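Listed below are the residues making up each chain.
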Amino acid sequence: MSELRLKRRGERWQYSFEGARIGNKRKIISKSGFRTKGAASAAGTKAMNEYNQSGASFTPSALSVSDYLDLWMERYCKINCKPETYANYEKKIRLHIKPAIGKYYLAALTPEAVQKLINDKFNAGYSRNTLAVLKGILTGSLAYAVQPLRYLQVSPAQYVRLPSTRAVAAVRTRSAPHVYIPPEQMERIFARFPEGSSSYLPLLLGYKCGLRIGEAFGLTWDCIDLNAKTLTVSKQMLWHEKDEKAGAPGYWYFTAPKYNSVRTIEISADVAAALKREKARQNAAPALYEELYVRSYRDQNDRLNTAGDGAEVQLVMRRMDGTYINSRTMQHVSRVATQELGFQKFDYHSLRHTHATILAEKGASPKYVQHRLGHKNIQVTMQIYQHLTEKMSEDGAALLETF
């Protein structure tokens, strides 16, 4: 890199420095008109630093962690991350990282400060999953500050570790236990939301197939083979919040299933029969509604729309007039279950957990359950079997008392 040169031109001062050669020709960057040598030097130093940082209007030594994270989100995450990942990162940074270390200079951030953030969240009762996400954000963002930006020589997050699994937090971990829904409760749910209602099919697919909520509401008819009685999970439907700053509205969009867990699973005869009846109703609907029938399309950015942009998609979750039934209907189901039917807890993931538990109780192998539910690793599946083992031990102990 070149040196800053100062030169008097009449009664004014000029700064100049040599930029990168283009076509083996020298590129001189200069500016005149400064009243004093000091003013020219200050402006030249700032301009040269900005040039050496590819036009960034700051020097790394003066950059706060908070401002750097905004830069990382804009330059890296917005381009490379899925919208749901970007939204999750933004929330974690805003609620957890910035309040803890955002006020520090990036160049002065220490491994101790980053480790303290993780330890404090652990002692506040946050789950290991939350801690892992926070650590991942810190590791990724600070590594980006090393390369390619060269704002840091070494990442302060390089040696940060999650607390040991044997460590005991000062506050009980905030992990919500998965809920198993007994058969009698499911009967009441289906009685309240019978076939023909907008909530019936999503409930059926969660309970009988173990689908995630986004997977159920992202199903299209080309993913279902009613003759072979199989269902292929190849995508999910998620909501992208509206951008207040840009004035852009929110929208539903298709994306790969969580952990890219594309899979084909078997469906039971009763599920296949329910889907067959639903497909027959939907096939007859366009002729009944004629020009009032609403068709759905998937544009080149995988966004769902009704304006005719892109290829038409045959959604499974549709009302008779063709309008999309989205996953927010499950919020209503949860309110009915807890407030009207008196269940202590109910959410869509409870259906998935119940499905897995029933399979385990019936003797299905962990590998089969892992594939069917699309778990990232077998350890997640084995937690279900561990809970069953603990319950069997409790039942066994109670049985001994009857001898």
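Going by the structure above, here's the rest.
Residues numbered from 1 in each chain as written. Predicted model: local features only at pLDDT ≥ 70, side-chain atom pairs only at ≥ 80, totals over all residues. Heavy atoms only, no water.

**Notes on the nonpolar core**
If you look at the biggest cluster of nonpolar residues, it comprises 46 residues, and the most contacted ones within it are Ile189, Leu203, Leu205, Leu211, Leu231 and Phe346. Taken together, the elements giving at least two residues each to this core come down to helix H6 (183-192), helix H7 (200-209), helix H8 (213-217), strand E5 (230-233), strand E7 (251-255), helix H9 (269-289), helix H10 (329-340) and helix H11 (348-361). Sorting elements by how many residues they give to this core places H7 first, with seven residues. If sequence neighbours within four positions are ignored, leucine 231 has contacts with Leu205, Leu211, Leu219, Cys223, Ile224, Arg263, Thr264, Ile265 and Ile267. Of all hydrophobic cores here, the second largest spans 30 residues; its members include Leu71, Met73, Leu106 and Leu152. (Core = buried A, V, L, I, M, F, W, Y, C linked by side-chain atoms within 4.5 Å. Buried < 20%, exposed > 50% of the residue type's maximum accessible area, 1.4 Å probe, protein only. Helix = DSSP H or I, 4+ residues; strand = E, 2+ residues; numbered from the N terminus. Contact = heavy atoms within 4.5 Å.)

**Notes on the sheet that holds strand E10 (residues 304-305)**
Across the sheet, which stays open at both edges, the three strands sit in the order E10-E9-E11 with antiparallel pairing between neighbours. Either end of the sheet is taken by a strand with one partner, and the two such strands are E10 and strand E11 (311-313). Bridging between strand E9 (residues 296-298) and E10 involves two bridges; their strand directions are antiparallel. Opposite arginine 298, over in E10, you have leucine 304 as the bridge partner. (Pairing = 2+ DSSP bridges.)

**A word on the pattern of salt bridges**
Applying the stated criterion to the full structure yields 15 salt bridges. Put simply, aspartate 120 and lysine 116 hold a salt bridge, and the shortest N to O gap is 2.7 Å. Taken together, the residues aspartate 120 and lysine 116, both in helix H4 (residues 111-123) and four residues apart, mark about one turn of the helix. Where aspartate 347 meets lysine 345, a salt bridge forms, and the shortest distance between an N and an O atom there is 2.8 Å. On the accessibility criterion, aspartate 347 (25% relative accessible area) is partly exposed. (Salt bridge = Lys/Arg side-chain N within 4 Å of Asp/Glu carboxyl O.)

**A few points about the sheet that holds E5**
One open sheet holds the three strands; their spatial order is E4-E5-E8, and the pairing between them is antiparallel. Pairing within the sheet leaves two strands with one partner each, and these edge strands are strand E4 (224-225) and strand E8 (263-266). In the sheet, E4 pairs with E5 via two bridges, with the strands oriented antiparallel. Opposite aspartate 225, over in E5, you have threonine 230 as the bridge partner.

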